[in-house]
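The lines below spell out each chain.
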Amino acid sequence: MVNILIAFVTGLTTGGLSCLAVQGGLLASSLTNQIENDVQQQVYKPSRKRIRRAQRPARAGMARPIAAFLAAKLIAYTLLGLLLGWLGQMVQLSPYARAGLQIAIGIFMLGNALRMLNVHPIFRYFAIEPPAFIRRRLRRFAKDREVSLAAPVFLGFLTVLIPCGVTQAMLAAALGTGSPLGGAALMFAFTLGTSPVFFAVAYFATTLGQRLERNFNRFVAIVLLLLAVYTIDTGVALAGSPMSLTRSFNEMFARPAAVEQPAGSPPYAAVDGENTVTIRVLNTSYEPGVVHAPAGVPVKLRLVTEDVVSCSRAFVIPALGVQQLLERTGEAVIEIPPQEAGTQMAFSCSMGMFGGTLVFDL
Amino acid sequence: MSRTITLQIDGMHCTNCAMTLEGIEDRLPGILRAEASYRHARLVVEFDESKVDEARIEKEVERLGYKVSAINR
């Protein structure tokens, strides 16, 4: 849920104008053609008054094609998200592999951000360029069509071939969800987020849009940069490394009692002769964050959920290759084989956003 | 007689810019082929010398909002 909200907000704040920069030209070509056709049909005998009236931008007529374009784009990208999520699922990845993929996605986003900020020409290689023949077909198609809605709809579908920088990063994230529904939901939220700004700027189509676009490009790049750093950092956390900023941040701001278990009380208890540690899974954290358990003996890790709706339900212990999706409300038990005294084992949600450590020192 | 030149372009900031530049194929008579690359910041143009010249092509590129920094013949 958190990720979908992030995707929507990203689309709303940055994707709209970024997409417009890359895909707006295509839409504009098909709309300009339509306006020109309208003018030609209305102007039979050239008279100043009639030409002036005909040349007034037919705003009301523009809304439908732009809306059709955006609706087609939304459907196309949601389907692409579904496909990518399915592909991500097909390839069953271990937590370490997923961490690696997440770090790679973050680096891709970082490269795109640096490209947009024009830091160095080498970052241009992070842009996806469709082959020349596709570009030619798209351009010619946009130019030649006369029909009012068919062109915008078709072009809306074809925008999947020319994703803008931010969209590319979102597509990579959809692949990383490893779930068809997750990928589809992410792309739906993001593309929906891009629509209002895209619509507004395309509809009014003033020079203000161009000036705004130049300054907004930098804003978009900076937001992408921040997202990239966050993605790389959570990937590092997912890999179990203590060097993650996110992990340190969570531990710094968590309640003390929630971080360290109180001495002599649950979560550790010898239950029915078996060593059991208990972790409460909450929507934005695991309690406690540091769990002490006995070394040299098998340990049962009991995970308790109560109406949990966030990604913290996707519980991961990278060192053991454990990936488990917990029930919204319930209990799950993970068997941990005996560990040497002093062993520390990181656990987290599947995206590395929330986590903690198991310490085998009792 | 056809000739091919490669123009180094300043000012492209995404793939759409490449597509915009390739539009000179349709806008200028005499252009046989125009292929742009955002990645390499260049535009390769094959044209009929009897219908259009380098100066006209350069002017069109500038009219679209880009700058030609070098021409390789």
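Note that the coordinates shown come from a computational prediction; the quantities given were computed from them, not determined experimentally.

1. Section: the confidence of the model for chain B
Residue and element names in this part refer to chain B. On average, residues of chain B score 89 in pLDDT, and 100% of them are at 70 or above. Mean pLDDT across the elements of chain B bottoms out in helix H1 (residues 15–22) (82) and peaks in strand E3 (residues 42–48) (94). On the interface metric, ipTM, the complex scores 0.78, and its pTM is 0.63.

2. Overview of the interface of chain B and chain A
At the interface, 15 residues of chain B touch 16 residues of chain A. If you list the elements that add at least two residues to the side of chain B that touches chain A, you get H1 and strand E2 (31–37) of chain B. Top element by residues in the side of chain B that touches chain A is H1 of chain B. It accounts for six residues. Of the residues contributing to the side of chain B that touches chain A, the split by class is five nonpolar, six polar and four charged.

3. A look at unusual backbone geometry
All names here are of chain A. Residue Glu287 is joined to Pro288 through a cis peptide bond whose omega torsion reads -5°. By the secondary structure assignment, Pro288 is in the loop between strand E3 (286–287) and strand E4 (290–293). A positive phi angle is found at Asn118, which is not glycine, with a value near 55°. Relative to the assigned elements, Asn118 resides in the loop between helix H4 (95–116) and helix H5 (132–144). Under the C-beta neighbour-count criterion, Asn118 is labelled partly exposed, with 13 such atoms within 10 Å.

4. So, the sheet that holds strand E1 (residues 2–10) of chain B
All names here are of chain B. Spatial ordering of the open sheet is given by E2-E3-E1-E4, a layout of four strands whose pairing is antiparallel. Looking along the sheet, the strands with just one partner apiece sit at the ends: E2 and strand E4 (67–72). Strand-to-strand, the axes of this sheet are offset by a mean angle of 25°, without reference to chain direction. In this structure, E2 lies alongside E3, joined through six bridges in antiparallel fashion. Counted as the bridge partner of Ser37 is Arg42 from E3. Sheet contacts for H1: E1, E2 and E3; angle to E2, the most-contacted strand, approximately 170°. Lying on the sheet, helix H3 (residues 54–63) is in contact with E1, E3 and E4; it crosses E4 at an angle near 150°.

Cut-offs and rules
Residues numbered from 1 in each chain as written. Chains lettered and ligands numbered in written order. Predicted model: local features only at pLDDT ≥ 70, side-chain atom pairs only at ≥ 80, totals over all residues. pLDDT = per-residue confidence, 0-100. Helix = DSSP H or I, 4+ residues; strand = E, 2+ residues; numbered from the N terminus. Contact = placed C-beta atoms within 7 Å. Nonpolar A, V, L, I, M, F, W, Y, C, P; charged D, E, K, R; others polar. Buried ≥ 20, exposed ≤ 12 C-beta atoms within 10 Å, placed from the backbone. Pairing = 2+ DSSP bridges. Axes fitted to C-alpha atoms, helices over the stretch in contact; angles between N-to-C directions.

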